[in-house]
Amino acid sequence: MAGRRALKAVLIDLSGTLHIEDTAVPGAQDALNRLRQASVAVKFVTNTTKESKRNLLERLQRLNFDLQEKEIFTSLSAARSLLEQKQHRPLLLVEDSALEDFTGINTSEPNAVVVGLAPDHFNYQTLNKAFRMILDGAPLIAIHKARYYKRKDGLALGPGPFVTGLEYATDCKATVVGKPEKTFFTQALSDLGCSPSEAVMIGDDARDDVGGAQNAGMLGILVRTGKYREGDESKINPPPHLTCDSFPDAVEHILTNLL
Amino acid sequence: MADTGWPGCAKSLKGVVLDMCGVLYDSGEGDGVAIPGSIEAVEKLKASDLQLRFCTNETQATREKFVAKLQRLGFDISVSEVFSPAPAAVAVLKEKGLRPHLLVYDGVLPEFDSVDKTDPNCVVIGDAAENFSYQNVNEAFRVLIGLEKPLLFSLGQGRYYKETDGLKLDVGVYMKALEYACDLEAEVIGKPSSMFFQSVLNDMGLHPHEALMIGDDLVNDVGGAQRCGMKGVQVRTGKYRPTDERHPTVTADGTVDNLAQSVDVILNQRGH
């Protein structure tokens, strides 16, 4: 690869790339093991607003994937890094299941607002509280800005609409921390001691995984599993470094061509 | 040559339109309180040769209840002089044969009694306050996303308003949330929509340049009226903020301390 330095790290999306709901992508466990035998660091990156790292880890281990909790970096981890870096004390509008990823963060006398997916908190009273804080100068941090998601009983509003409403009320812009933000990818790489030009991202979401990673200076590999739909690779510019059938093919490409 | 600036333009005026909350009274516990001099200012306008109408984005009560409150505060006002978004929305819905799903404050529901709400094919949102629960907003979202051509009407587009216990999110915030969720643009009924001001002008039988709007909301009252061809004057009461006087896009034709002062200036110009 002309102009690129040797590959040092591989970032891997979870849902849709390694597994679809409670089923592993065929051959994905073995492919991950083969990748681990090469001299590259591996990290698992995902946008989640309600699942703690421990939850994610347990699900993947049930599916026989070999990984550790410290290798998982989520949009909640990214929010936590930002809070630590700026020494903010957050009002956390996240579901209880996500709170454990913020253990140890001081939340007394909050001076920042963090919005995840939290239907229980998206009531008029709590949003008014968040609104008044932001109007008084507290920064608005969004885990991500998804419009809606699919629930068993139908579609349901995601955090995006409520973040957008708060932005309108206060005439300010939220800091978004999840994929496809550049900072998400650079933070995920930061403790591996490598630069974006030494890393590759594998995912099923053309915009959030591949486009975001390539925008941050990494290579992006799109897999045709999970949420992939025919033609997704042409929705981003520049196009993916590679589009392949599934995670094992992506690993094969890395082992053969990028090391 | 006719003077088109403030206050000279008052000489050729034929009608005045007043915003209500923040101009006539401040809201708060119970009925709120009349702003000093406003009751007398309304009386003076009524005694003059100018036509007078009231124009509000109030959507928490029916017009009847709202007007009764102002009468208790001492204002000489009748329901037929007041324009508010809910009756305007009802007119639009009936004209277009639309059946709304309503996300509004309970107090304004009676305004929609005469409208067919079965099998909704549009959504109407107003300042629903505590009714803006996740479940209710989600229900409105599901109606919209399930429509072939989602149609959202918003009764005003305010960001927030002030109550005695602090600032409260207004309908515009939830309008923006639903716009973002469904990737659509809402149709605003009420100020600052030109259609709303035009309906007030039609009722008076006046051209836009013959009428003046007085309000405390620079963008929705003054800017809205100006875009429709009327003059707009801002009062330094209600939600007025000093930064309004150097707003990037809206410049009031005049800024006065309160309604009483603006009415005195107008009547003086007219030689009363």
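About the criteria used
- Residues numbered from 1 in each chain as written.
- Chains lettered and ligands numbered in written order.
- Predicted model: local features only at pLDDT ≥ 70, side-chain atom pairs only at ≥ 80, totals over all residues.
- Heavy atoms only, no water.
- Helix = DSSP H or I, 4+ residues; strand = E, 2+ residues; numbered from the N terminus.
- Buried < 20%, exposed > 50% of the residue type's maximum accessible area, 1.4 Å probe, protein only.
- Contact = heavy atoms within 4.5 Å.
- Areas by Shrake-Rupley, 256 points an atom, 1.4 Å probe, with all protein chains shown as cover.
- Lys, Arg positive; Asp, Glu negative; His and termini not counted.
- Charge placed at Lys NZ, Arg CZ, Asp CG, Glu CD.
- Domains from an automatic or database assignment.
- Buried area = accessible area lost by both parts, 1.4 Å probe.
- Salt bridge = Lys/Arg side-chain N within 4 Å of Asp/Glu carboxyl O.
- Polar contact = N/O pair within 3.5 Å; in protein donor to acceptor, adjacent residues only side chain to side chain.
- Nonpolar A, V, L, I, M, F, W, Y, C, P; charged D, E, K, R; others polar.
- 1 Å grid on protein atoms, 1.4 Å probe; cavity = no way out; pocket = protein on both sides within 12 Å on 5 of 7 lines; lining within 4 Å.
- Points joined across faces, edges and corners; volume = space filled by probe spheres on them.
- Pairing = 2+ DSSP bridges.
- Axes fitted to C-alpha atoms, helices over the stretch in contact; angles between N-to-C directions.
- Core = buried A, V, L, I, M, F, W, Y, C linked by side-chain atoms within 4.5 Å.
- Expected span 1.5 Å × (residues − 1).
- Arc of directions from axis to C-beta.

Bringing the overall build of chain B into the picture now. Tallying secondary structure elements over chain B gives eight helices and 14 strands in all. Among the 272 residues that make up chain B, the fraction classed as buried is 54%. Contacts in chain B between residues far apart in sequence, at least 24 positions, make up 64% of those at least 6 positions apart. For chain B, the computed accessible surface area is about 11,600 Å², with 48% contributed by carbon and sulfur atoms. Computed over 27 positive and 39 negative side-chain charges, the separation of the two mean positions in chain B equals 3 Å.

On to the domain arrangement of chain A. Once the domains are mapped, chain A shows domain 1 (9-47 + 180-258) and domain 2 (89-176). If you average the C-alpha positions of domain 1 of chain A and of domain 2 of chain A, the two centres end up 28 Å apart.

Moving on: the domain arrangement of chain B. Residue and element names in this part refer to chain B. Domain assignment breaks chain B into domain 1 (10-84 + 191-270) and domain 2 (85-188). Placing the centre of domain 1 and that of domain 2 at their C-alpha centroids yields a distance of 25 Å. The interface is formed by 20 residues belonging to domain 1 together with 24 residues belonging to domain 2. When the buried surface of domain 1 facing domain 2 is broken down by residue, T59, Q60 and S84 rank first, second and third, together holding 40% of it. Counting every contact that joins domain 1 to domain 2 gives zero salt bridges. Counting every contact that joins domain 1 to domain 2 gives seven residue pairs in polar contact (both at pLDDT 80 or more). For the side of domain 1 that touches domain 2, the residue count by class is four nonpolar, ten polar and six charged.

Right, let's get into the environment of B:Q71. Note on placement: B:Q71 falls in helix α2 (residues 63-73). In this structure, the C-alpha to C-alpha distance between B:Q71 and B:I39, residues 32 residues apart in sequence, is 10.0 Å.

Once that is clear, we can look at the layout of surface pockets. All names here are of chain A. As a volume, the largest pocket reaches approximately 2,000 Å³. In terms of lining, the largest pocket is formed by 44 residues, of which the most central are S15, N47, Y148, Y149 and K227. Listing elements by their share of the lining of the largest pocket, those giving two or more residues are β2 (19-20), α2 (53-62), β9 (148-151) and α8 (206-215). Across the lining of the largest pocket, the residue classes break down as 13 nonpolar, ten polar and 21 charged.

Another point: the sheet that holds strand β8 (residues 140-142) of chain A. Residues and elements named next belong to chain A. Read across the sheet, four strands follow the order β6-β7-β8-β11 without closing on themselves; strand pairing throughout is parallel. Two strands lie at the open edges of the sheet, namely β6 (90-93) and β11 (175-176), each paired on one side alone. Sheet topology places β8 next to β11; two bridges connect them, and they run parallel. Opposite A142, over in β11, you have V176 as the bridge partner. Packed on one face of the sheet, helix α5 (residues 124-135) meets β6, β7 (112-115) and β8 and runs near 150° to β6. Where helix α6 (residues 159-170) meets the sheet, its contacts fall on β7 and β8, and the angle it forms with β8 comes to roughly 160°.

Time to look at the interface of chain A and chain B. As a measure of interface size, the accessible area lost when the parts come together is often cited. Chain A puts 28 residues into the contact, and the matching count from chain B is 29 residues. Summed over both partners, the interface of chain A with chain B buries about 2,600 Å², with 63% contributed by carbon and sulfur atoms. Among the residues of chain A in contact with chain B, A:Y124, A:L157 and A:Y168 are the three that bury the most area, contributing 34% of the side total. Across the contact surface, chain A and chain B share one salt bridge. Of the charged contacts in the structure, one is a salt bridge between A:D153 and B:R142, with a shortest N-O distance of 3.3 Å. Along the contact surface separating chain A from chain B lie 13 residue pairs in polar contact (both at pLDDT 80 or more). Sorting the residues of the side of chain A that touches chain B by element identifies α5, β9, β10 (154-157) and α6 of chain A as the ones contributing at least two each. When residues of the side of chain A that touches chain B are assigned to their parent elements, the largest contribution, eight residues, is made by α6(A). For the side of chain A that touches chain B, the residue count by class is 16 nonpolar, six polar and six charged.

Core analysis: the biggest nonpolar cluster contains 52 residues, and B:I125 and B:Y174 have the highest contact counts within it. Looking at this core, the element that brings in the most residues is helix α5 (residues 171-182) of chain B, giving seven residues. Discounting residues that sit within four places of it in the chain, B:Y174 has contacts with A:Y124, A:L127, B:I125, B:F132, B:V137 and B:L169.

Residue and element names in this part refer to chain B. With twelve residues, helix α3 (residues 85-96) ought to run about 16 Å at 1.5 Å a step, and its terminal C-alpha atoms sit 16 Å apart, in line with that. Of the positions making up α3, those classed as buried are P85, A86, A89, V90, V92 and L93. Angular distribution of buried residues about the axis of α3 spans 165°; they occupy a single face of the element. The inward-facing, buried residues of α3 contact β6 (100-103), β7 (122-125), β8 (152-155), β11 (187-189) and α6 (194-204). Phi turns positive, to about 65°, at G97, one or two residues after α3.

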